[in-house]
Amino acid sequence: MQNPIVRVLPLLGVPHLDRLFDYRVSEADDLDAQPGTKVRVRFSGRLVDAVVIERRKRSDHTGELKPIERVISPEIVMPPSMWQLAQLLADHYAGVRSDILRSAIPSRHASAEAAGLFGGGKPWEDLYGSLTPTEDLHKASLEAARATMGDYVHGPAFLSAVLDAKSPRASLVAPPGSDVATIAAAVAAATAWNTSGSALIIVPNQKEVDRVCKALREFVSAAQIITLTAAEGPSARYRRYLSILHGQAKIVVGTRSAALAPLKNLQLIALLGESDDSLVDPRAPYMHARFIAKLRSEVEGTALLVAGVHRSAEVQQWIAEGHVHPLRPTVEAQHAAMPWIRGLGETEHQREVEIHNPGARIPSIGFQTIRQALDNGHPTLVQVPRRGYAPALACAACRHPARCRHCNGPLELPGSQDAAPPRCRWCGRSAGQFRCSECGNRTLRMQVIGQDRTVEELGRAFPGIPIVASGGQRVMASVPHKPSVIVATPGAEPHVDGDLYGAALILDPWMPLGREDLRSGEHALRQWMEAAALVRPREEGGAVVIAGDASLPVIQQLIRWDPTGAATRELSLRAEAEFPPAVTMAAIDGSQVAVDQLLECWERPEAAELLGPVELPAGIRLPAGMEKLGAQEARRQARRLIVRIPHDQAHLLGPSLKQAQSVRSTMKGAQPLRVVIDPVRIG
């Protein structure tokens, strides 16, 4: 054997063991133990999985080397490009490389390997099962891509660069009525049919995966689309992963876990809904698919298309730095697609009408808009920020929040007041006879009205009209085009089959705006724009009403439909306040002892600024391992330390924290700790 030594990375997830170890290879495993394969090794007395990184002639270790136990599979499941990305991501997110590889590489299933590739191993082009000639599909996909991108300034130039195997990076902001799933599908299909490259489409959730796949099936067959989501079982996921590895897959659609899918000759990465929190991995090292897509585009030289009706401050910063170019709709396309968008108090007549209906949750103009859309034969969308019936209650006398006597959790009404008594949202116990702890009053009022209560109110207001709820466990993908009222929570808005809504009503805008969150205004505007984008143009009677003060800046951005200006203003405000993405932040969560241990081991960059530690903010889950102390005791001990560093020195933060984590994990009595770079919620 020319190279009898293998250098492997054990998949342990321990910071101080995130390094390579040498083992011997037997002659029987010589051909199978290649770089990128998974093997079983004995480590510290137990068998663990490991990934072969390289083969060597000799080892730097002076002692005797242990042999590998066996090769799990001869399949090379980690190509060199994935290893390079894993190292870069670990440095950026202060994470462990084995955690990244374990999330990217599915577990091996022998039955999936035995089944082989799809279609008996046919190439991607031959998997198409229709009688339509593939030449027609080449032409149809190209024409559809040119038609969709032709409505955007510099859109045709971006498409040409993608088809010429160049690496343009762009942020596309779509006007109302546009379906970004259709745009991404057309560009991806044109890339797959008209070039030798492949395309990856990343979306926030299963509903969007289904929409993209439906749009793709106009140009390709279902057998030519590989989906990677949590809905697939382990065997199916591994077989699809093998199809991607062997180059059989040219179009892959998936959620955040698909961001590292090892497509061969990757030419295009399309990211939809880039500011959705679902794109953040809840497991260490808490990576965001948006950053993975940008990094992969830069490292592998692929095109990047970030598409949506809204733009985040992070993407706006990429544009300001010249990494990404904006694609905006033409003036004609924007004007033709816009519905009427109104807030409250815009005109003197509106103010006079609302004076006679003070405190009404659904304004008069909202009822008028719904009636007009129903009379015209169109469905109407009503967006409410919370599901349930009455998810927050308070004392009717003193307005003090109603709390559970057992766990101090918030009380809610699960249904109609006559049907069920209040119960705790945390422990589920019935509150029985309520008595306010502040004033002794025994009556309750609804602080927040949920989706189910809204359905009741609208059912009484529009008798004989179907009222449909979409949200929680009952998310609808689409609804028929007929007079109806659809009450949906943000992100659960169904599309209208082959058409658009006649009107949309956005209720309780104060709730998302009132969240104690850095991104509350940005998230609220995204939710409202995604709902308004489902409404037909004003020339066809389309109208959107938001039940909030029209003079508020964020509502004005919706009325003017100015996602670019909103993102620019948000970025400037963040820069003035020194908040992300103008600066890079790290949130260090754990007990005071654990935080002190990390600070003791950390060689802090000079520009890094420490804020805190303070109590862990409410609503943020505890670091793994702290729950052993009990819920109340762990919450009492939990602390959060914020580290802030200028954006141009962000490359120093991750590696230094990663090194500190490695040193700290070797200390005796090291307590649970969590390090999150660029957290979604800061406090």
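All figures in this text were calculated on a predicted structure; none of them were measured in a lab. (Residues numbered from 1 in each chain as written. Predicted model: local features only at pLDDT ≥ 70, side-chain atom pairs only at ≥ 80, totals over all residues. Heavy atoms only, no water.)

**Q** Account for the pattern of salt bridges, with residues named and values stated.
**A** Enumeration over the complete set of coordinates arrives at 40 salt bridges. Notably, a salt bridge pairs Arg 361 with Asp 508, separated by 3.0 Å at the nearest N-O pair. In this pair, Arg 361 sits in the loop between α12 (348-355) and α13 (364-375) while Asp 508 sits in the loop between β23 (503-506) and α15 (510-513), placing the two residues 147 residues apart along the sequence. The exposure classification of Arg 361 matches that of Asp 508, with both residues buried. The network of salt bridges with shared partners includes Arg 7, Asp 22, Glu 54, Arg 56 and Asp 60. (Salt bridge = Lys/Arg side-chain N within 4 Å of Asp/Glu carboxyl O. Helix = DSSP H or I, 4+ residues; strand = E, 2+ residues; numbered from the N terminus. Buried < 20%, exposed > 50% of the residue type's maximum accessible area, 1.4 Å probe, protein only.)

**Q** Kindly report on the nonpolar core, identifying the contributing residues and their values.
**A** By size, the foremost hydrophobic cluster in this structure holds 74 residues, and its most contacted members are Leu 172, Ile 201, Leu 216, Val 253, Leu 558 and Trp 561. Per element, the largest residue contribution to this core is twelve residues, and it comes from helix α6 (residues 180-194). Summarising the domain contributions, this core has at least three residues from each of domain 2 (124-334) and domain 3 (337-573). The contact partners of Ile 201, leaving out residues within four places of it in the chain, are Ala 184, Ala 188, Val 212, Leu 216, Val 252, Val 253, Gly 254, Ala 270 and Leu 272. If you look at the next biggest cluster of nonpolar residues, it comprises 67 residues, including Ala 94, Ala 259, Ala 293 and Ala 608. (Core = buried A, V, L, I, M, F, W, Y, C linked by side-chain atoms within 4.5 Å. Domains from an automatic or database assignment. Contact = heavy atoms within 4.5 Å.)

**Q** Describe helix α10 (residues 313-321), naming the residues involved and giving the relevant values.
**A** With seven of nine residues buried, α10 is to be regarded as a mostly interior element. Buried within α10 we find Ala 313, Glu 314, Val 315, Gln 316, Gln 317, Trp 318 and Ile 319. If you follow the buried residues of α10, they end up packed against β6 (169-173), α9 (289-300), β11 (303-308), β12 (325-327), α16 (520-532) and α18 (563-577). Gly 322 sits one or two positions beyond α10 and adopts a positive phi of about 85 degrees.

**Q** Break down the packing of aromatic side chains for me, with residues and values.
**A** In this structure the tally under the stated criterion is five aromatic pairs. Consider the rings of Phe 21 and Phe 43, whose centres lie 5.0 Å apart with planes at 80 degrees: the pair is edge-to-face. In this pair, Phe 21 sits in strand β2 (residues 21-24) while Phe 43 sits in strand β3 (residues 38-43), placing the two residues 22 residues apart along the sequence. Clustering of aromatic rings is evident, with ring pairs tying together Trp 124, Tyr 128 and Trp 193. Positioned over the ring face of Trp 318 is Lys 294, at 5.4 Å from the centre of the ring. Note that Arg 538 overlies the ring of Trp 340, its terminal NZ or CZ placed 4.3 Å from the centroid. (Phe/Tyr/Trp six-rings, centres within 6.5 Å; stacked < 30°, edge-to-face > 60°. Lys NZ or Arg CZ within 6 Å of the ring centre and 35° of its normal.)

**Q** An account of unusual backbone geometry is requested, with residue identities and associated values reported.
**A** Of note, the amide linkage connecting Ala 284 to Pro 285 takes the cis form, showing an omega dihedral of 5 degrees. Structurally, Pro 285 is set in the loop between β10 (266-272) and α9. For the bond running from Gly 612 to Pro 613, omega is 10 degrees, close enough to zero to count as cis. Locating Pro 613 in the fold gives a position in strand β26 (residues 609-615). The backbone of Tyr 286 shows a phi angle near 60 degrees, a positive value even though the residue is not glycine. Structurally, Tyr 286 can be placed in the loop between β10 and α9. Its identity as a non-glycine residue notwithstanding, Arg 399 has a phi of 65 degrees, on the positive side.

**Q** Residues and numbers for the pairing of β11, please.
**A** Of all six residues making up β11, six are buried, and the element is well covered by its neighbours. Where β6 and β11 come together, five bridges link them in parallel fashion. Of the residues in β11, the one forming a bridge with Val 173 is Gly 308. Sheet topology places β10 next to β11; five bridges connect them, and they run parallel. Within β11, the position partnered with Leu 272 by the bridge is Ala 307. Read as a crossover between parallel neighbours, the route from β10 over α9 to β11 is right-handed. (Pairing = 2+ DSSP bridges. Right-handed = clockwise from strand over helix to strand, strands pointing away.)

**Q** Run through the sheet that holds strand β19 (residues 467-470), naming residues and quoting values.
**A** Reading across the sheet, the six strands line up as β13-β24-β23-β14-β21-β19 and stay open at both edges, with parallel pairing between neighbours. Two strands close off the open sheet at either side, each with one partner strand: β13 (340-344) and β19. Here the strands of the sheet are splayed against their neighbours by 20 degrees on average, with no regard to which way each runs. One ladder, built from four bridges, connects β19 with strand β21 (residues 485-488); its direction is parallel. (Axes fitted to C-alpha atoms, helices over the stretch in contact; angles between N-to-C directions.)

**Q** Explain the pairing of strand β24 (residues 543-549) to me, and be specific about the residues and the numbers.
**A** Most of β24 is tucked away, with six of its seven residues classed as buried. Summarising the sheet, β13 and β24 pair through four bridges and their orientation is parallel. From the neighbouring strand, Trp 340 faces β24, where its bridge partner is Ala 543. Looking at chain direction, β23 and β24 are connected through four bridges and run parallel. Directly across from Ala 504, in β24, lies its bridge partner Val 544.

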